[in-house]
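Summary of structural features
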Amino acid sequence: MWPLPGAIAYGGDYNPEQWPRAVWDEDVALMRQAGVNLVSVGIFSWAMLEVSEGVFDFTWLDDLLDLLHANGIAVDLATPSVSPPAWFFHAYPHARAVDADGHVMGFGSRGMAGHSAPEYREAIVRVASALAERYGDHPAVVLWHVHNEYGVPVGEDFSASSVASWRRWLQQHYGSIEALNAAWGTAFWGQTYRAWEHVVAPARTPTTVNPAMKLDWARFTDDMLRECFRLERDAIRAHSDRPVTTNFMAHQSWNTDLWKWAREVDVVSDDHYLWSPDPDAHVALALSADLTRSVAGGKPWILMEHSTSAVNWQGRNIAKRPGEMSRNALTHLGRGADAIMFFQWRASRRGAEKFHSAMVPHAGTSSRVFREVTDLGQQLRQLGEVQGSQVRAEVAVLYDWESLWAQDLDWRPSDDLAFRERMRSYYERLWRDSVPVDFAHPEADLSGYSLVVAPASYLLTTIAADNLTAFVRAGGTLLVSCFAAAVDEHDAVHEGGFGAPLAEALGVTVEEYLPLRAGDTCTVDFGGQRLAADVWTEDLVLTGAQVRGRYLGGPADGAPAITRHELGSGVGWYVSTRLDTDSLAPVLAAAYADAGITPPALPEHLELMVRHGESADYAVAVNHHDDAAHVALSGTEIFSGQEIDGELTVPGGGVAVVRTAPTPDRDDVITPAHAVPQQVRNTYA
Ligand code: GAL
């Protein structure tokens, strides 16, 4: 259901309601100049559309859609549910969301109402229905954009309507109060409930709140947000056959389990912004793109928002340097995006985001940014043939939002060991080794991969552990990082102790976690190489594994640190400490060897991504270094039309896309991304 078949979509959020009508004409002329073919309209327009309850004014939107259509610009039409109008909150003050401290969210910013408020739900269905009824067949509309970034700025809600939904949700999932008490372990600290109406939400408590309750609260919040999405989506579908999306935030999302969300949309979309303090933010960008493609099941996805230059909401908002925007865009494309969109088309003169970059900056069209925007538009027009081609990977990195929610709860053995940090370090190692990866849910079919890496699998169900064990037995290589398989789906320590569900696959369990003091380090002797470790060590119990690395120093001095275990025709590696990206190199190299993977020898800082099409492959090269880089390739460089005979030169900071002969889909080594499990776990099913 790609909205613009055979084309890479290019454009951004378009908020013309902030501008006089005359500017719209200039906008569309400039959009054509820039090669824009898709804009997202109406994301924050509720107040302009429904001027008072049930009274709609569509005149401006009629005019706008006709104008865009007349200029050949397609529309991704949004429902405005992220920004209810002032009259709504005035009429329904109880629909405002409430935070964990009991603060009621005021008006004058943005952010949805409480997800469970009946008046809010009714209103979003009314608006979505009205929009779809009027524009469902409009020739400009090729896509529906429901809401904006579910979960931010408002996800959790502690209002009365939310707490009432929470009790209903628990009742539905547990059936009996006894089952709830058992799952939450309420015998601890005397929390036993005797009646549903006694059950509270995990708001501010005297000390840390029951972690199983908190974990369920995260699931509940995710479910409620998805219910709101479904209400709008179904209201649209009643009047329109155009695909429906909502913009995710992949690795930055907290409240949304994107494995579940991806099954609800017709096309996956993602927003990504560079995090300025990160000197290698392009690695985080690549991670986010791979994760998005993976939740999309390998299908084309939309980069719905990124920035042409600086954002405005970080402490120090660093402007992109010449060429950086194009490198960012091409990295998303190389990792599966078939649409490159920005927040936003024209920089706002007023409001909270006036210092945010845009496609048309405050400096106007004779600016570096607008020139680069126009150049990128031209390049993307040349890449229409890439649309629909796919990325293949033989490595899967396990990613589970439930494990993120659980691991980052309070009172873990060490605050220093965090889900996202481990994910990034392992991913960065694979990125630096130029090994393409998919992300996968731990209960997904992993049989197409040769190597599965589990950087942060603190919460691992026995179903997932059995899945991983079967993967190893059948010949796969599994590499598991520390603090894995500690708890089950209710944050209860697994029977048999830490890591017990993976004992068969890894030949090792953990007797005790031995975190380090802040700043303390130790070393691992890995076959003579000295690897730097910090934050975390473990006291391992070998149940069959061979020791490949030993601690030198630290509380586990002399004891096993890294192990390798053979099971069936596969191998399970366990790394019981925190290694940085450099120290992970020899460990990953050993795992690649077991998995039969040979990483390509590429120049450092040259990011090479391959998309496989039916009649050609496309090598997308992005040079993150100031010096030119050379890579062995033959084919046609699409932007220049130049024939490449054996060696491509990518200028410093530059990009290139080379059409090459297609590689056959070799089942034995590469598989299309298929990481989305058929049936995402429903803990309570
Ligand atoms: C996004 C949001 C946009 C805009 C942008 C600024 O998270 O969806 O509306 O605020 O951030 O970077």
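Note that the structure is predicted; figures quoted are calculated from it, not measured.

At a minimum axis separation of 12 Å, helix α3 (residues 59-70) and helix α5 (residues 118-135) run at an interaxial angle of 45°. When the axis of α3 is compared with that of α5, the two are oblique. The two elements α3 and α5 cross, and the hand of that crossing is right-handed. The segment α3 lies against α5, with Leu61, Asp62 and Leu65 engaging Leu131, Arg134 and Tyr135. Class assignment of the residues belonging to the contact of α3 with α5 gives a composition of 4 nonpolar, no polar and 2 charged.

Taken together, Phe44, Arg110, Asn148, Glu149, Asp271, Tyr273, Glu305, Trp313, Phe343, Glu353 and His356 make up all the residues around the ligand. Between the ligand and Asn148, the relevant distance is 2.8 Å, taken from an oxygen atom to a side-chain nitrogen or oxygen of the residue. One of the side-chain nitrogen or oxygen atoms of Glu149 is found 2.5 Å away from an oxygen atom of the ligand. Contact with the protein chains removes 94% of the 300 Å² of surface that the ligand exposes when unbound.

On to the pattern of salt bridges. Applying the stated criterion across every chain, the model contains 38 salt bridges. Note that Asp63 and Arg21 form a salt bridge whose closest N and O atoms lie 2.7 Å from each other. Placement of the pair is Asp63 in helix α3 and Arg21 in helix α1 (residues 21-34), with a sequence separation of 42 residues. Among the residues examined, Asp63 registers a relative accessible area of 32% and is labelled partly exposed. Note that Arg368 and Glu372 form a salt bridge whose closest N and O atoms lie 3.0 Å from each other. You can see Arg368 and its partner Glu372 sitting in helix α12 (residues 368-382), 4 residues apart, about one turn around the helix. On the basis of relative accessibility, which here comes to 24%, the residue Arg368 falls in the partly exposed class.

Turning our eyes to something else, we now look at helix α10 (residues 281-295). Taking 1.5 Å per residue, 15 residues should reach 21 Å; α10 reaches 21 Å between its end C-alpha atoms and fits that length. Counting buried positions over the 15 residues of α10 gives 14, a clear majority of the element. Just beyond α10, the residue with positive phi is Gly297, at close to 65°.

The 5 strands lie next to each other as β25-β26-β29-β27-β28, forming an open sheet whose pairing is antiparallel. Each edge of the open sheet carries a strand with a single partner, namely β25 (606-612) and β28 (643-650). On average, each strand axis in the sheet is tilted by 30° relative to the strand beside it, whichever way the strands run. Direction of pairing for strand β26 (residues 617-623) relative to strand β29 (residues 655-660): antiparallel, over a ladder of 6 bridges. Paired with Asp617 across the bridge in β29 is Thr660.

Summarising burial for β29: 5 of the 6 residues are buried, a large majority. Relative to β29, strand β27 (residues 629-637) runs antiparallel, the two being bridged by 2 bridges. Pairing of Thr636 across the sheet is with Arg659, part of β29.

Core analysis: the largest hydrophobic core is formed by 175 residues, its most contacted members being Leu61, Leu68, Leu330, Ile340, Trp345, Leu383 and Ile562. Of the residues forming this core, the biggest block, 9 residues, is contributed by α5. The next biggest cluster of nonpolar side chains, apart from the first, holds 21 residues, and it includes Val98, Trp166, Leu180 and Val209.

With that settled, consider unusual backbone geometry. Following Val152, the chain continues into Pro153 via a peptide bond in cis, with omega recorded as -10°. Between Phe343 and Gln344 the backbone carries a cis peptide bond, its omega angle lying at -5°. The topology assignment puts Gln344 in the loop between β11 (337-342) and α12. With a phi close to 60°, Trp411 is a non-glycine residue in the positive phi region. Inspection of the secondary structure assignment puts Trp411 in the loop between α13 (401-407) and α14 (419-432). In this structure Trp411 comes out as exposed when scored by relative accessible area, which is 59%. At Ala485, a position not held by glycine, the phi torsion is positive, near 50°. Residue Ala485 is classed as buried on the basis of its relative accessible area, which comes to 0%.

Turning our eyes to something else, we now look at the confidence of the model for the chain. Averaged over every residue, the pLDDT of the chain is 96; residues scoring 70 or more account for 97%. A low-confidence stretch, residues 667-685 (pLDDT under 50), is modelled with 58 contacts involving residues beyond four sequence positions or located in other chains.

Turning next to helix α11 (residues 324-334). Taking burial as the measure, the 11 residues of α11 include 10 buried ones, the bulk of the element. For α11, the complete set of buried residues consists of Met325, Ser326, Arg327, Asn328, Ala329, Leu330, Thr331, His332, Leu333 and Gly334. After α11 finishes, the residue Gly336 shows a positive phi value of roughly 115°.

With that out of the way, let us pick up the sheet that holds strand β22 (residues 560-567). Ordered by their spatial adjacency, 10 strands build an open sheet running β14-β13-β15-β16-β23-β22-β21-β18-β19-β24, and the pairing between neighbours is mixed. A single partner strand is all that each edge strand has here, and the edge strands are β14 (437-440) and β24 (578-579). Sheet analysis places strand β21 (residues 546-552) next to β22, joined by 4 bridges and oriented antiparallel. If you follow Arg550 over to β22, its bridge partner there is Pro560.

Cut-offs and rules
Residues numbered from 1 in each chain as written. Predicted model: local features only at pLDDT ≥ 70, side-chain atom pairs only at ≥ 80, totals over all residues. Heavy atoms only, no water. Axes fitted to C-alpha atoms, helices over the stretch in contact; angles between N-to-C directions. Helix = DSSP H or I, 4+ residues; strand = E, 2+ residues; numbered from the N terminus. Parallel < 35°, antiparallel > 145°, perpendicular 65-115°, else oblique. Left-handed = near helix turned anticlockwise from the far one by under 90°. Contact = heavy atoms within 4.5 Å. Nonpolar A, V, L, I, M, F, W, Y, C, P; charged D, E, K, R; others polar. Near = heavy atom within 4 Å. Polar contact = N/O pair within 3.5 Å; in protein donor to acceptor, adjacent residues only side chain to side chain. Areas by Shrake-Rupley, 256 points an atom, 1.4 Å probe, with all protein chains shown as cover. Salt bridge = Lys/Arg side-chain N within 4 Å of Asp/Glu carboxyl O. Buried < 20%, exposed > 50% of the residue type's maximum accessible area, 1.4 Å probe, protein only. Expected span 1.5 Å × (residues − 1). Pairing = 2+ DSSP bridges. Core = buried A, V, L, I, M, F, W, Y, C linked by side-chain atoms within 4.5 Å. pLDDT = per-residue confidence, 0-100.

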